[in-house]
Amino acid sequence: IGMRAQMRAHVEPFVGIGASSLLSSGEGNGFKTAFAWKAGAGVSFYPERGGFCVNPALAITDYAFQDKAISGMLHRYACDFSLMLGYNARLGDSNRLSVLAGPYVSVGVSGSDVDEDGYVYNVYDQFDRVEAGIQASLKLNFGGFNIGPEFNYSIKKQTNMPYYDYNTFAVFLNFGYIIR
């Protein structure tokens, strides 16, 4: 029967708190880091005894940042889909450690932007703002509860924000629970 019969699916709702900003590769970075959050759910597929694992997830994320030239915070709310691959190790009967990495795609659903005069305004039609990137995560599971850091970096720059064509960087501390 092999590996397929040994794999188990576990639903994992989670929330994350952290920080995000935009990074420029040329001239100086004119952005301040801001509070960011995310909420979503994933499905972890891993063998009960530990080993290779797959973790697709869907989340709503607020990639916030602050332009040093204006006083307001800018928010980019997005629907993120990630597909992380990694290794899941058992640490006793009810504890696990997962090391994961993989791609993500982020589609903007709303947020705020700034115009050429520096005024912040809300944008509710940002479905054409798309970015893709890589992320890495470390999850410690104890008795069904998950905790661990996650790092996101966009490798395809965002679109539809003409004054902010930079890469996104975000760090989260995620908290979750495995529903068995």
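This text follows the structure it describes.
Everything numeric in this text was worked out from a predicted model, so none of it was measured. (Residues numbered from 1 in each chain as written. Predicted model: local features only at pLDDT ≥ 70, side-chain atom pairs only at ≥ 80, totals over all residues. Heavy atoms only, no water.)

Within the secondary structure, Ala 132 sits in strand E7 (residues 130-142). Looking at Ala 132, the relative accessible area reads 23%, which means it is partly exposed. The spacing of Ala 132 and Thr 168 is 36 residues in sequence and 9.7 Å in space, taken between C-alpha atoms. (Helix = DSSP H or I, 4+ residues; strand = E, 2+ residues; numbered from the N terminus. Buried < 20%, exposed > 50% of the residue type's maximum accessible area, 1.4 Å probe, protein only.)

Further remarks concern the side chain of Asn 88. For Asn 88, the location among the structural elements is in strand E4 (residues 73-90). Of note is the side chain of Asn 88, whose polar atom sits 2.8 Å from the side chain of Ser 98. (Polar contact = N/O pair within 3.5 Å; in protein donor to acceptor, adjacent residues only side chain to side chain.)

Within the secondary structure, Gly 40 is located in strand E2 (residues 31-47). Here the alpha-carbon distance between Gly 40 and Leu 58, two residues 18 residues apart in the chain, equals 5.6 Å.

Another aspect to go through is the nonpolar core. Soluble globular proteins tend to pack their nonpolar side chains together in the buried interior. The biggest cluster of nonpolar side chains holds six residues, and these are Ala 36, Tyr 63, Ala 78, Tyr 104, Ala 170 and Phe 172. If sequence neighbours within four positions are ignored, Ala 170 has contacts with Ala 19, Ser 20, Tyr 63, Glu 150, Phe 151 and Asn 152. Among the nonpolar cores identified, the runner-up in size contains five residues, and Tyr 46, Met 84, Leu 100 and Ile 178 belong to it. (Core = buried A, V, L, I, M, F, W, Y, C linked by side-chain atoms within 4.5 Å. Contact = heavy atoms within 4.5 Å.)

Next up on the list: the pattern of salt bridges. Enumeration over the complete set of coordinates arrives at three salt bridges. Here Glu 150 and Lys 38 are joined by a salt bridge, their closest N and O atoms 2.6 Å apart. One end of the pair, Glu 150, is in strand E8 (residues 145-156); the other, Lys 38, is in strand E2, and 112 residues separate them in sequence. Look at Glu 150 and you get buried, because its relative accessible area is 6%. For Glu 131, the salt bridge is made with Arg 76, and the minimal N-O distance between the two is 3.3 Å. Placement of Glu 131 in strand E7 and of Arg 76 in strand E4 is noted, with a sequence separation of 55 residues between them. Residue classification places Glu 131 among the buried residues on the basis of a relative accessible area of 2%. Judged by its relative accessible area of 1%, Arg 76 falls in the buried class. (Salt bridge = Lys/Arg side-chain N within 4 Å of Asp/Glu carboxyl O.)

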